[in-house]
Amino acid sequence: MLNDRLLVAIDGEAGERRSSAGIVIPATAAVGKRLAWAQVKAVGQHVRQVEVGDRVLFDPDERAEVELEGRTYLLLREKDVHAVATPGVAGEGTGLYL
């Protein structure tokens, strides 16, 4: 990876979802602008706030897809990341940095 780029694998499926009330929302339903979570697989040498293994929140409309060894990954710039969820130290859960 070069400069401020991140290689991420998107979390979950793009299929049906359930609302908090249990209503099934089909994959074809039009929703407003929705951010997505992804797992960081590699980082460039100028990335300062994200590490491999972190989960990042980003806008799926601003992405570039790449296929490596039969799997699809996304390329993002560090500035396009809205939030970072890092694994907590000593089992304290997840720290979310907005």
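Look above for the structure.
Bear in mind the structure is a predicted one, so any value in this text is a computation, not a measurement. (Residues numbered from 1 in each chain as written. Predicted model: local features only at pLDDT ≥ 70, side-chain atom pairs only at ≥ 80, totals over all residues. Heavy atoms only, no water.)

Enquirer: Please explain the side chain of Asp54 as it appears in this structure.
Expert: Counting through the fold element by element, Asp54 comes out in the loop between β4 (36–43) and β5 (55–58). One buried charged residue, Asp54, forms no salt bridge at all, with the nearest opposite charge on Arg55 at 9.7 Å. Polar side-chain contacts of Asp54 include one of 2.9 Å to the backbone nitrogen of Glu51. (Helix = DSSP H or I, 4+ residues; strand = E, 2+ residues; numbered from the N terminus. Buried < 20%, exposed > 50% of the residue type's maximum accessible area, 1.4 Å probe, protein only. Lys, Arg positive; Asp, Glu negative; His and termini not counted. Salt bridge = Lys/Arg side-chain N within 4 Å of Asp/Glu carboxyl O. Polar contact = N/O pair within 3.5 Å; in protein donor to acceptor, adjacent residues only side chain to side chain.)

Enquirer: What am I meant to see in the pattern of salt bridges here?
Expert: Across all of its chains, the model carries one salt bridge by this definition. Between Arg77 and Asp4 there is a salt bridge, with the nearest N and O atoms lying 3.5 Å from each other. Remark: Asp4 occurs in the segment before β1 (5–10) and Arg77 occurs in strand β7 (residues 71–77); sequence separation between them is 73 residues.

Take it as geometry only, folks, not as evidence of what the structure does.
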